[in-house]
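For reference, the chains in residue letters:
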Amino acid sequence: MDRSSVTAAPAVGAAGRRRQHLADAGFVGFIALCIVVAWYSLHYHGQRLEQETLAARAQVADLDTQHLASHLSLTLRGVDLTLQTLLETGPPVDAVYTWNGLLREALRNSPQLRSLSLLDGTGTVIASSNPANLGQHPSLARFLPQAAPFAPTLRLGPPQGGRDLADAAPISAEEAPPPLYFVPLLRGLHTPDGDGVYLLAALNMDFFTNGGALPVRGATDHLEVINFEGQRVLDDDAPRTPEMRAADLALVERWKAGDEHGVVHLDTADGATYSVAYRLPRNLPLGVVARFNHAEALSGARAERARQERYLLPAVGLSLGGTLFGYFLFRRAGRRERLAREAAESALRASEERYRLTMGAVRDGMWEWHVDTGALCWDARCFEQLGFPPDGFELDIERWKARIHPEDHARLSPMMDEMATSPEGFRIEFRMPDIQGEWHWLEARGKVVEWRGDAPLRVVGTQTDIHVRKTGEIRLRLLEAALNAAANAVVITNANAVIEWVNPAFAALSGYNQDDAIGRTPRELINSGAQSGEYYAALWNTILAGDVWRGELINRRRDGQLYHEALTITPMRDENGTLDHFIAVKEDISARKAAEAELEATHARLQAVVDNFPGAVLFEDADGTITLANQMLCSLLGIDERASALVGRPSVELVADAAPNFTDAAAFVARIRDLRAAARPVHGEELETLGGRWLERDFLPVRSGDTLLGFLRLYRDVTERKHHEQALQRLATLDPLTGTWNRRAFLERAEHERLRYLRSEHPASLVMLDLDHFKRVNDTWGHAAGDAVLCHFVRVLQQRLRATDLLGRLGGEEFALLLVDTTPEGAAELTERLRAAIAEHPLPLGDRTISITVSAGIAPFVQDDQNVEAALARADAALYRAKARGRNQVVLADDECGTAR
Ligand SMILES: Nc1nc2c(ncn2[C@@H]2O[C@H](COP(=O)(O)OP(=O)(O)OP(=O)(O)O)[C@@H](O)[C@H]2O)c(=O)[nH]1
């Protein structure tokens, strides 16, 4: 645990207080915000109320204008109808008395009119409902709409002060109508006898103000009627300021532009604001304007708003203030409790820190498990043991279980039982994947520190990294199992050679089991004395120097039997480098030693056989190394070495050394190479040495099953047999007197040449030679001289023949000559030279000479001959001719008919 974590507790307390102050400030801010929101919502609500009040009032004003406009329209239409009816149905113009009565009668039905007057074409009142109007000449100017005189259209004149036409006085557009005023209405009619007449009605505006046509208005709420000049023709004592006059004129402009109704605002110089609703019908010469003062219209709403602000805001403030007060009371109580808890926690943390410091020293992690919620908390060390950073993965009790190796799950249930029952807590070893996904051994120790009834509520504990120990234990168990199962004996001794451990194989080898062996030395148990003291001294020198010793020993079993062992002793050092143990591995090699001895004996026996073999013996293994040879081999192959020196050398060296002693050294080397490659047995091959000796060789591959072990070569000296065979050969084929081929050998070779002739068609000729009168030689000089003549004859011939020519003695003094590759003419020429040579070379015999001649018959080979005897018969026929012609001459047989030439 590092130092920073020791000072963490005060830091945590200060942080908590900071958080508390922040919470306080947040709460006060919230209360303030509530007040602001309350005030703002009140304000907003008031504003909305005013807006809605104004909107409602504007709507009412608009309805008022609509109502009054409609009323005006109906009224004027009624007046127009009255005037039209009077004009169109009234009596003639000059019936003024009738008119006066008629007009009075009509007036009675028209309460909205003051008077009805009939005007003549000059505009003078000639009849009227009011006699006072008679003779009056009212102004007909400024009547709207403008129209031609006597136009049958209702036209509206400017308001006139006074009660009727008799006291009418014009009113300027800027001034307000006097208390008594009227508005003249005029309708004309063209008369057939004159220009026309007018009916003029004085519209009583009081009818509208006093007759209920105008709705009841407030003090600042006005309704007025204007004409097309912007002059008020009806008002309800509304104030008349220049701004209002201008506003009326502006409305006339809207009227002219076709804007029939709407609402506009008007700000006056005294700071008042008005909403002006207007209705300006196109088909009416009068427009209606309703105007109300905002301040007056809003007086009720503002009074309500002031009342709300007066009562509601303080109420809200009071309740929020109470809440704030309550909060701080609660806070104060909570703070006391928190301080007490912090003190307790601080003490606990200090205790835990001490524990953590202790745990940190042993690199253990700490954990805490809330059994009721399943929450499981590891500290950073727990994660670090698996290679993870702090909080390296999400953890609760279920995730913890899910991470555990399946084979370790079996230990979880007992752990839970142990946890609940054992006051000492519990302990569990388990595997969990580290950050690389490799299983890592951990040990958890825990104890319940908080209970709910009998049920554990909170468990805390430590986590220890036991991976190295655990894997070491496992490895040790494996190694021990391996050593126990090993075929070789293993002995572990301390530095003083006292046995500490042996495996079962040692018991099998020596007869001493572990109980017998431990505590004793190998020397006490198995020393046979077969090795010298120097041998053991060298062994000890090696291993005490820290080196591995390997060697073989003869030791003694428990039952007294000797055995051979191959021993390897490995010195072991502790962490300080001090030799503390020796590990001896022993292999029983008794069987191998016995086999080696047997092999050696077998080899000795084999070598004895080979040495006494009446021929040469050479064995080379499959890779060409000589493994066996006898002295006869060296003498037959002409090698000046001891046979034992050849063993282990490559056989190719021996072949190279021996090859120059044979007639064909290259063939000798090549043949050995071919025989090795073919790896087949070959018997009785004959070899001739330069010394004239003959050897016979057997070449034998040696196999074991399908495996080639090597090659055995046997050489025998067959010189005598060879010479004997050659002598027999000569006897069988040569004439013993002259050394030429005898008849059988000659005919065989002649037949061979004939067949070659048939294949190649190279010319060849057969010549028959017979000495002339040889009987006389015998008779004269004796048989021995006859033999000498025969030999002399052969010598003379052989001196003149080619090596390829074949000379044979067919019998007596009869010889045959085969001339290969020779045309008949060439044969005749050569035979003639031979004949002459015989004749010219008599045989010297003492001081005399014996002259001889020879006759010859030549027969060239022809395709038709069935055999060589056929050719021989033709040559014999030609010889007969030569004899017949007087001897000492040559006759060539005719190809066609066999006749001689
Ligand atoms: N010395 C000796 N004489 C032999 C040998 N073989 C045969 N003769 C003799 O050769 C003689 C051959 O005589 P003939 O066959 O009558 O012929 P020729 O006397 O040579 O007379 P032509 O052949 O007719 O010229 C015989 O007297 C044989 O005895 C031999 O090996 N040695």
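Treat the numbers as computed from the prediction; the structure is a model and nothing was measured.

Asker: Got a minute to help me understand the site of the ligand in this structure?
Answerer: Neighbouring residues of the ligand: 16 residues in total, closest His 773, Phe 774, Lys 775, Asn 778 and Asp 787. Asp 787 is positioned such that a nitrogen or oxygen atom in its side chain is 2.8 Å from a nitrogen atom of the ligand. Protein coverage of the free-state accessible area of the ligand, which is 660 Å², stands at 67%. Put simply, the parts of the chain that give the shell around the ligand at least two residues each are strand E28 (764-771), helix H23 (774-781) and helix H24 (783-798). Top contributing element to the shell around the ligand by residue count: H24, with four residues.

Asker: Can you help me understand a nonpolar patch on the surface in this one?
Answerer: Judged by side-chain polarity, Phe 30, Leu 33 and Val 37 come together as a nonpolar surface patch covering roughly 290 Å² of accessible area. Relative to the assigned elements, Leu 33 resides in helix H2 (residues 8-89).

Asker: What should I look at first to understand the sheet that holds strand E29 (residues 806-811) in this one?
Answerer: Pairing between the strands of a sheet comes from backbone hydrogen bonds, and it takes one of two forms, parallel or antiparallel. Taking strand neighbours across the sheet as the criterion, the five strands line up as E29-E30-E28-E33-E34 in an open arrangement whose pairing is mixed. Every other strand in the sheet has two partners, leaving E29 and strand E34 (890-892) as the edge strands with one partner each. Averaged over all pairs of adjacent strands, the angle between their axes in this sheet comes to 20°, without regard to strand direction. Relative to strand E30 (residues 814-820), E29 runs antiparallel, the two being bridged by five bridges. Looking at E30, one finds that Leu 807 is bridged to Leu 817. The strands that helix H26 (residues 868-884) touches are E28, E29, E30, strand E33 (854-860) and E34; relative to E33, the one it contacts most, it runs at about 140°.

Asker: Help me understand the pairing of strand E24 (residues 626-629), please; the structure alone is not making it clear to me.
Answerer: Bridging between strand E23 (residues 616-621) and E24 involves three bridges; their strand directions are antiparallel. By the bridge assignment for E24, Glu 620 is matched with Ile 626. The hairpin turn running from E23 into E24, its antiparallel successor, is four residues long, and Gly 624 in that turn takes a positive phi close to 90°.

Asker: Where do I start with the pairing of strand E26 (residues 694-704) in this structure?
Answerer: Walk down a regular strand and you will see the side chains alternate between the two sheet faces. For E26, the buried fraction is high: eight of the 11 residues fall into the buried class. Pairing geometry for E26 and strand E27 (residues 707-717), over 10 bridges, is antiparallel. Residue pairing across strands places Leu 695 opposite Asp 717, the latter belonging to E27. Here E26 folds back onto E27 in antiparallel fashion, the turn holding two residues, of which Gly 705 has a positive phi close to 65°.

Asker: Looking at this structure, how should I read the pattern of salt bridges?
Answerer: Should the charged atoms of two oppositely charged side chains come close, the side chains can pair. All told, the structure shown has 63 salt bridges when counted by the stated rule. Close ionic contact of Glu 429 with Arg 469 constitutes a salt bridge, the shortest N to O distance being 3.5 Å. With Glu 429 in strand E15 (residues 426-433) and Arg 469 in helix H11 (residues 467-485), the pair connects residues that are 40 residues apart, well separated along the chain. What makes Glu 429 buried here is its relative accessible area of 13%. On the basis of relative accessible area, Arg 469 is assigned to the partly exposed category, the value being 38%. Ionic pairing is found between Glu 620 and Arg 676, a salt bridge with its closest N-O pair at 2.9 Å. Placement of Glu 620 in strand E23 and of Arg 676 in helix H20 (residues 665-678) is noted, with a sequence separation of 56 residues between them. A relative accessible area of 0% places Glu 620 in the buried class. Where salt bridges share partners, they join Arg 427, Glu 429, Glu 443, Arg 445, Arg 469, Lys 470 and Glu 473 into one cluster.

Asker: Honestly, the UniProt feature "domain: PAS" (unreviewed entry) in the chain in this entry has me stumped. Any pointers?
Answerer: Taking the numbering used here, the UniProt-annotated feature "domain: PAS" (unreviewed entry) corresponds to residues 475-521 and 602-639. Measuring from the first to the last C-alpha atom of residues 602-639 gives 27 Å, for a span that is 45% helix and 26% strand.

Conventions and cut-offs
Residues numbered from 1 in each chain as written. Predicted model: local features only at pLDDT ≥ 70, side-chain atom pairs only at ≥ 80, totals over all residues. Heavy atoms only, no water. Near = heavy atom within 4 Å. Polar contact = N/O pair within 3.5 Å; in protein donor to acceptor, adjacent residues only side chain to side chain. Areas by Shrake-Rupley, 256 points an atom, 1.4 Å probe, with all protein chains shown as cover. Helix = DSSP H or I, 4+ residues; strand = E, 2+ residues; numbered from the N terminus. Patch = residues over 30% accessible without salt bridge, like charges linked within 9 Å, V, L, I, M, F, W, Y side chains within 5 Å. Salt bridge = Lys/Arg side-chain N within 4 Å of Asp/Glu carboxyl O. Pairing = 2+ DSSP bridges. Axes fitted to C-alpha atoms, helices over the stretch in contact; angles between N-to-C directions. Contact = heavy atoms within 4.5 Å. Buried < 20%, exposed > 50% of the residue type's maximum accessible area, 1.4 Å probe, protein only. UniProt positions renumbered as here; feature names shortened; annotations may be inferred.

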